[in-house]
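Single-letter residue listing:
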There are 2 protein chains.
Amino acid sequence: MTKLPNINENFAEWYHEVISQAELVDPVSPTRGSFVIRPYGYALWENIVAVLNEKIKESGTQNIYMPLLIPEAFLTREAKHVEGFAPEVAVVTHAGGKKLEEPLVIRPTSETMVYFMFSRWIKSWRDLPLKINQWANVVRWEMRTRPFLRTCEFLWQEGHTAHATQVEAQEMALHMLGVYKELAQDYLAIPVITGQKSESERFPGADATYTFEGLMQDGKALQMGTSHMLTRSFVEAFDVYFQNTEGQQEVPYCTSWGATTRLIGALVMTHGDENGLIMPPKVAPIQVVIVPIFKSDDQKTLVLERAQKIAADLKQQGIRVKLDDDEQKTPGAKFFHWEVRGVPVRLEIGPKDVENNQVVLVNRMEPDKAKKKLFVSLDLLNSSLHDLLAQIQKGLFERAEQKRASQWHQADTLADFAQKMKDHNGLYQVGWCESPACEQNLKEFSGTIRCVLEQSSHKKCFSCGQPSKNDILVAKAY
Amino acid sequence: MTKLPNINENFAEWYHEVISQAELVDPVSPTRGSFVIRPYGYALWENIVAVLNEKIKESGTQNIYMPLLIPEAFLTREAKHVEGFAPEVAVVTHAGGKKLEEPLVIRPTSETMVYFMFSRWIKSWRDLPLKINQWANVVRWEMRTRPFLRTCEFLWQEGHTAHATQVEAQEMALHMLGVYKELAQDYLAIPVITGQKSESERFPGADATYTFEGLMQDGKALQMGTSHMLTRSFVEAFDVYFQNTEGQQEVPYCTSWGATTRLIGALVMTHGDENGLIMPPKVAPIQVVIVPIFKSDDQKTLVLERAQKIAADLKQQGIRVKLDDDEQKTPGAKFFHWEVRGVPVRLEIGPKDVENNQVVLVNRMEPDKAKKKLFVSLDLLNSSLHDLLAQIQKGLFERAEQKRASQWHQADTLADFAQKMKDHNGLYQVGWCESPACEQNLKEFSGTIRCVLEQSSHKKCFSCGQPSKNDILVAKAY
C-alpha cells in the first residue's frame, strides 16, 4: 500500500489508485478493457442490485434472460441503431470449430432481440403493457477504458416495455427515471439532475432520452443512466403489432432504460477523500468494522470476547459488521486498511472500554484533523450506531450537494462561458435556441449538453443570442 | 394451448411442449441453441440462485465478476483443457470495426482467467485459502441443443478455490458436492446419487470430478452439476505459487465447482406429470394460486373482496401467492393454466365458501381421478397451507425416490446388462475392474458410467470378469 495521490491535484490518478487499493477491482486484466470486479466491489454491486431490483419489480416489471449473441443483421434493421452501435460491437465469426454462416454480435444492448421476441409475445391489447428486465453483461468495444466508468464489458440491467398508448409509455420512462433518481440520491447519496438529452446525445433509436447526471468532485459530469422513449420505426422493423380494442393493428409505444456498474464509479468519485473511499451506509458492504486493541494475552482474551459478542449482537440487528481480529496487523494498519475501503464507522474497543462497558465510534466522514472519538455506553450502542449511520448517509448527500452548488455556474454568452470553463470545471447553466449548430460550438471547449432543464431563466441562447427555450446544463463529462 | 403429448409414450415431446406451454422458455430463438428464459422460468431460477448463493457464502466463498472474453492462447496452456474445450468455443475475431490481433474466446468456463488472477493475488500461505465464485453466462457451442438441458449459452455459478494442502482442497470439493446434494434433495426434491466420475468422464484439467446425478422419469440419468480437484499442472501453467510457512515456493491445490440452469430441466423431468409441471414448494415462483368462483355481480364483489384479503394475509405470512382475477377466463381455464405451470396448491373460493368462512384447497400432486377437495376453515388456513406445502415438498421427493428405486437395477455381466438395458432404461449397478477398455464396451449400448460408487457389492467386472474394485452406476444419459 502506498500513499494515495492527492485527490485535489490529480483526481484521475487518485481514482485509479483508490479503486485498486480498496480492492474494488483489479486494474490488470488479460482482456483489454474488461476488469475483474473483486469481492469488495462485487458486494457493493450486489447491494445496489438488491435495491434497484426490488424497485423494478414494484413497477410491475418481470425479470427474464435473453441470449448474449445476436444475429449481426438484426442491428441493421434500424438505421440509427446500427449507426450508433455497429462501430463498437464485438463479432463472433467462428464457433464450434467452424466459420459461422452469419456472424453473431455480442449484445451491446438487447433492443433488437427484445423486439424479435415482442413480435411473438404481443398479439392483442390484452398482452399490454409488457414489461421485462434483465440483469446481464454487455460488450461495447471502447477505445479508452477506465474501470467502472468506461469498459469494454460491463454489468447492467436493461428494462424494456411496450404499451398501447404514448401517454402510458411516457409515464413508464419517467417512472423509471424517478426510480433511478431515488436510487442515486437516497441510497448512493449522490445528488443528480434529471432531464432530457439533446437530439445529438440521444440513444440510437430513441425519440427521447432522459438522463440522470451526477457531478463528480473534479467538476466533470457523469451520465449515470438513461431511460428512453424508442422510435416506433424501431419496433415496426421487427413487426411488433397488436390488435387494439377496436380490432385494428397498431404499433406499441416502447421504452428502454438501463443503469450499469458505472454507478460504482460515480459513488467513488462523489464521496472519496484523501484517505480513500467513503461508502454510503445503505449500500456499504461493511457498515461497521470492529478493531480490538490490546497488549497482553489477558487483555486479548478479555477484549476479543467482548468484541465477538458485540459483532454477533450487531449482526442480529441487521448491521453489516466485520470484526478484524487479524493478529498479523497493528490497530494502526487496520485503521488505514478500512479507511481506504470507506467503511462508514470504526468501532474501537480496548481493555479500558471493556472495564467501562463502552466502545469508541469513529465517523469515516470526518477529516483526519477533526476526527472525534465518540464514547458510547454498550446499552446505547444499537441506537447510537443506527443514528450515526443515518447521520453519515445524510451527511454524504448534503456534502455532495454543497460541493455541487459551489460548482454550478450561470453563464450568458459563449465568451463568458468559455472563459469560466477554462478556469473551473463544473456545471454551466445557459440558455439555448435548440439549434444543433449552437450545440456544436460547445465542442471547442470540450463541453457537451448534459441535459435540457425544465427551467428557462436564461432568455437568450448562449451562442447565437436568439431566444432561448429551455436552459441547458453544459459540462465536461466522463 | 393444446393437450400435452403423453408423458409415458413420448417423454421428449412432452418435455419440449411443457416447458413452452408453462412459459419457462420460448423455444423459438433467433440465435441457434440459445433461448430466452421467460419470467416464470427466470423466477424459478432466481429462487434456486437465492438458496445456492447463501450456501456458497456460508462456505466462506466470496462472489466476484470476471471478464467474459478470454485470450485464445490461455486455453492452450493446459493440454487436456484445450483438448476438451477448444472444439466448442465461440471466437471473437473482430471488435470495434477491426480484426483483433489475438482472437478472444467467450468463456466456456473461467479456470484460465481465474488462475491468471490467482497468480496476482496469491503470494503467501496467508493468502490461502482463497475462495471465489461468480454467477455468469458461459458459451459452449453444442451441436444438438435442448432448452435448459444442453444449450450454446447457459447461466451458472462457477466456484474456484485455492488451498495450501490437498486435504483442505479435497474437503472443499466434497463440501460443495454436499451443498449441491442438499440443494437438489431438500429444495428441488430430486433424489441424487453422488460419486466420482471415471477418468474418461472427468472435467478437462481435473484429477478428480465429483458428480451429482439425478434419474429422470424416462430412466435416463442427468448430470446435475460437478465439483473438481484440478491438476496441479493446470495451476503451474499460470505460475500460481505461494510461499509456505517454511519460506518455500509451493503450488496450491485448487478446486472448481458449478451448477447451471440445467437444474430447471432436472426439476421439470423429475416431477412433471400428464397435466404439466409440478413445482416443489420451496422454489416454486407461485406456491398458491387463488381462483375466485362466482356468477352474479353480487357474488363477484363478495368473493373478490374475500379473495383479496386472503391473498394479502398469505403474502404477509411469507407465502408466494397469486390471485388470478382475470375476468376474461373461466375458472376451468384457470385451473388448466396453473396446472400446466405446476403451482403446488390451488385455493378455490366461491360464494358458499365465503358464507361458511372456508376455502377449498387442491393439491397439484394428486392425479385427476383421485383429486380431493380439502375444505379448510379460514382460521386454520395458514397452518393448513404450511402443512400442505410441506407435505407436497416431502411427497415429491418420496415419489421421485420410489420411481428411482423401481428403475435401479443390478446386473452381473455385459450380456445380462445389455439385455435388460434394451428393455428398460434405468440405472444399472455393476462391478468394474477400472479398465478403460471395459468402460468402452458400454458405448455399444449407449451407456456411460454415471459415477463410481463407494460400494462394492459386485465382486467381478461386468465386462472382463476380473475382480471389481467399486461398483459403478451405468445409464443412458442426457
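Residues numbered from 1 in each chain as written. Chains lettered and ligands numbered in written order. Predicted model: local features only at pLDDT ≥ 70, side-chain atom pairs only at ≥ 80, totals over all residues. Heavy atoms only, no water.

## Section: the domain arrangement of chain A
Residue and element names in this part refer to chain A. Domain annotation of chain A identifies domain 1 (11-271), domain 2 (288-389) and domain 3 (408-475). Taken together, the contacts link six residues of domain 1 with five residues of domain 2. Contact between domain 1 and domain 2 buries roughly 460 Å² in total, counting both sides, with carbon and sulfur atoms accounting for 48%. Considering only the side of domain 1, the residues that lose the most area to domain 2 are Gln21, Ala22 and Tyr40, jointly responsible for 70% of the buried surface there. (Domains from an automatic or database assignment. Contact = heavy atoms within 4.5 Å. Buried area = accessible area lost by both parts, 1.4 Å probe.)

## Some details on the pattern of salt bridges
Within the structure shown, the criterion is met by 40 salt bridges over all chains. Put simply, Lys197 of chain A and Glu213 of chain A hold a salt bridge, and the shortest N to O gap is 2.7 Å. Within this pair, whereas Lys197 of chain A is found in the loop between strand S9 (192-196) and strand S10 (206-215), its partner Glu213 of chain A is found in strand S10, the two being separated by 16 residues in sequence. You'll find Lys197 of chain A and Glu213 of chain A in the same group, each marked buried. A salt bridge links Glu23 of chain B to Arg38 of chain B; the nearest nitrogen and oxygen atoms lie 3.9 Å apart. Note that Glu23 of chain B is positioned in the loop between helix H1 (11-21) and strand S1 (25-26) and Arg38 of chain B in the loop between strand S2 (36-37) and helix H2 (39-58), a separation of 15 residues in sequence. Salt bridges linked by common partners bring Glu339, Arg346, Glu348, Lys371 and Lys373 of chain A together as one network. (Salt bridge = Lys/Arg side-chain N within 4 Å of Asp/Glu carboxyl O. Helix = DSSP H or I, 4+ residues; strand = E, 2+ residues; numbered from the N terminus. Buried < 20%, exposed > 50% of the residue type's maximum accessible area, 1.4 Å probe, protein only.)

## Observations regarding the sheet that holds strand S15 (residues 288-292) of chain A
All names here are of chain A. With respect to topology, five strands assemble into an open sheet ordered S16-S15-S17-S18-S19, the strand pairing being mixed. At either margin of the open sheet sits one strand with a lone partner, and together these are strand S16 (321-323) and strand S19 (374-377). Strand after strand, the sheet turns through a mean of 25° between neighbouring axes, direction not considered. Relative to strand S17 (residues 345-349), S15 is paired through five bridges, and the arrangement is parallel. (Pairing = 2+ DSSP bridges. Axes fitted to C-alpha atoms, helices over the stretch in contact; angles between N-to-C directions.)

## Some points on the interface of chain A and chain B
In this complex, chain A contributes 53 residues to the contact, which on the side of chain B involves 53 residues. When the buried area of chain A at its contact with chain B is split by residue, Pro30, Val36 and Tyr65 of chain A rank highest and sum to 14% of it. The tally of links from chain A across to chain B stands at four salt bridges. For Arg120 of chain B, the salt bridge goes to Asp26 of chain A, with nearest N and O atoms at 2.8 Å. Connecting chain A to chain B are 28 residue pairs in polar contact (both at pLDDT 80 or more). Of the residues forming the side of chain A that touches chain B, the biggest block, six residues, is contributed by strand S5 (residues 90-95) of chain A. Per-class residue counts for the side of chain A that touches chain B are 32 nonpolar, twelve polar and nine charged. As paired elements, S5 of chain A and strand S5 (residues 90-95) of chain B share five bridges and run antiparallel to each other. Bridge pairing links Ala90 of chain A to Ala95 of chain B in S5 of chain B. (Polar contact = N/O pair within 3.5 Å; in protein donor to acceptor, adjacent residues only side chain to side chain. Nonpolar A, V, L, I, M, F, W, Y, C, P; charged D, E, K, R; others polar.)

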